[in-house]
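Residue-level listing of the chains:
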Amino acid sequence: MPDVSKNIDRLKKSIPPNVCLIAVSKTKPIALIQDAYQGGQLDFGENKVQELVSKYEALPKDIRWHLIGHLQTNKVKYIIPFVYLIHSVDSIKLLNEIETRAKKINRKIQVLLQIFISEDETKFGFSFDELKAELKNGTFKKFQNIEFRGLMGMATLTDQEQKISAEFNALHQFFKEIKPQFNASFDTLSMGMSSDYLLAIQAGSNMIRVGSTIFGDR
Ligand SMILES: *Cc1c(COP(=O)(O)O)cnc(C)c1O
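Residues numbered from 1 in each chain as written. Predicted model: local features only at pLDDT ≥ 70, side-chain atom pairs only at ≥ 80, totals over all residues. Heavy atoms only, no water.

Let us now look at helix α1 (residues 4-13). Those residues of α1 that sit buried are Val4, Asn7, Ile8 and Leu11. Projected down its long axis, α1 shows its buried positions confined to an angular sector of 100 degrees, all on one face. Residues of α1 that are exposed and point more than 90 degrees away from the buried face comprise Arg10 and Lys13. Residues of α1 that are buried make contact with β1 (20-24), α2 (30-38), α8 (197-202), β8 (207-210) and α9 (212-215). (Buried < 20%, exposed > 50% of the residue type's maximum accessible area, 1.4 Å probe, protein only. Helix = DSSP H or I, 4+ residues; strand = E, 2+ residues; numbered from the N terminus. Arc of directions from axis to C-beta. Contact = heavy atoms within 4.5 Å.)

Spelled out as structure tokens, the structure:
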């Protein structure tokens, strides 16, 4: 079993204090999450709704649960009561469903808009142009139960660091460009995982989602 608290401490020493670390615990057992929690880690990320819900039920209620994987509209209702931040909002349809479900229980849900920045066709997200068009239409102003906290993106899976950095830099530029159109709480740029978090931070990330470096390979 990996010493997850030691891995988290080591990781935190290598990143600036303003960068929020999300410990990505997908596929990992409750016991390892408990180890990290006892070491002081409160932010955890999962990519599947069912796994997120069962871990939420089993673990302390002050954990901040981040949904980082693709979210289907018909599953929104299961996470709305407790989710802390949804990183993977990739359509207006999904925003509409989050708004409806959040309104029902009088919650305001924090979200990041996922932007497609990579060459990997399997990844999700708005293109820069799609998001600009929605901004022009004022689409995001109508949501009362959603708090737009920022953007999320994933770089191409490659060992070409220049390519990864270029993608992250482009997203950071775009973030700065559109930020004035949201309110002051639009302050989060979620990019970087185990293989590329240092490049992401160099390119302006202030939230990284790290799994295998903390919990071991999946
Ligand atoms: C799995 C996952 C991560 C973490 O990946 P690691 O390589 O294990 O650090 C980050 N972001 C998303 C969206 C993921 O699905």
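In the vicinity of the ligand, the residues found are Val24, Lys26, Ile68, Met154, Met193, Ser194, Arg209, Val210, Gly211, Ser212 and Arg218. In the environment of the ligand, an oxygen atom lies 2.7 Å from a nitrogen or oxygen atom belonging to the side chain of Arg218. Bound to the protein, the ligand loses 91% of the 380 Å² it would expose on its own. (Near = heavy atom within 4 Å. Polar contact = N/O pair within 3.5 Å; in protein donor to acceptor, adjacent residues only side chain to side chain. Areas by Shrake-Rupley, 256 points an atom, 1.4 Å probe, with all protein chains shown as cover.)

What follows is about the packing of helix α6 (residues 128-136) against helix α7 (residues 161-178). In contact at an axis separation of 12 Å, α6 and α7 are set at 5 degrees when each is read in the N-to-C sense. If you check the angle between α6 and α7, you find them roughly parallel. Residues Phe128, Leu131, Lys132 and Leu135 of α6 lie in contact with α7, whose contacting residues are Ala170, Leu171, Phe174, Glu177 and Ile178. Residues belonging to the contact of α6 with α7 are distributed by class as follows: seven nonpolar, no polar and two charged. (Axes fitted to C-alpha atoms, helices over the stretch in contact; angles between N-to-C directions. Parallel < 35°, antiparallel > 145°, perpendicular 65-115°, else oblique. Nonpolar A, V, L, I, M, F, W, Y, C, P; charged D, E, K, R; others polar.)

So, on to the pairing of strand β3 (residues 64-67). Of the strand pairs in this sheet, strand β2 (residues 43-46) and β3 are connected by four bridges, and their pairing is parallel. Pairing of Glu46 across the sheet is with Leu67, part of β3. After leaving β2, the chain enters helix α3 (residues 49-58) and then returns to the sheet as β3, a path that is right-handed. Strand direction decides the pairing type here: β3 and strand β4 (residues 85-89), joined by two bridges, are parallel. Note that in β4 the partner of Leu67 across the bridge is Ile86. (Pairing = 2+ DSSP bridges. Right-handed = clockwise from strand over helix to strand, strands pointing away.)

Okay, the pairing of β2 next. Residues Asp43 and Gly45 point to one face of β2 and Phe44 and Glu46 to the other, with burial holding for every one of them. Relative to β2, β1 is paired through two bridges, and the arrangement is parallel. Its bridge partner lying in β2, Ala23 is registered against Phe44. The β-α-β motif built from β1, the intervening α2 and the parallel element β2 has right-handed crossover chirality.

Along the chain, the position of Asp90 falls in the loop between β4 and α5 (92-104). No salt bridge is formed by the buried Asp90, whose closest oppositely charged neighbour, Lys93, lies at an N-O distance of 9.1 Å. Engagement of the side chain of Asp90 in a polar contact is seen with the side chain of His70, the distance being 2.9 Å. Excluding residues that lie within four positions of it along the chain, Asp90 makes contacts with His70, Phe124, Gly125 and Phe126. (Lys, Arg positive; Asp, Glu negative; His and termini not counted. Salt bridge = Lys/Arg side-chain N within 4 Å of Asp/Glu carboxyl O.)

In short, shape yes, function no, at least from these values alone.
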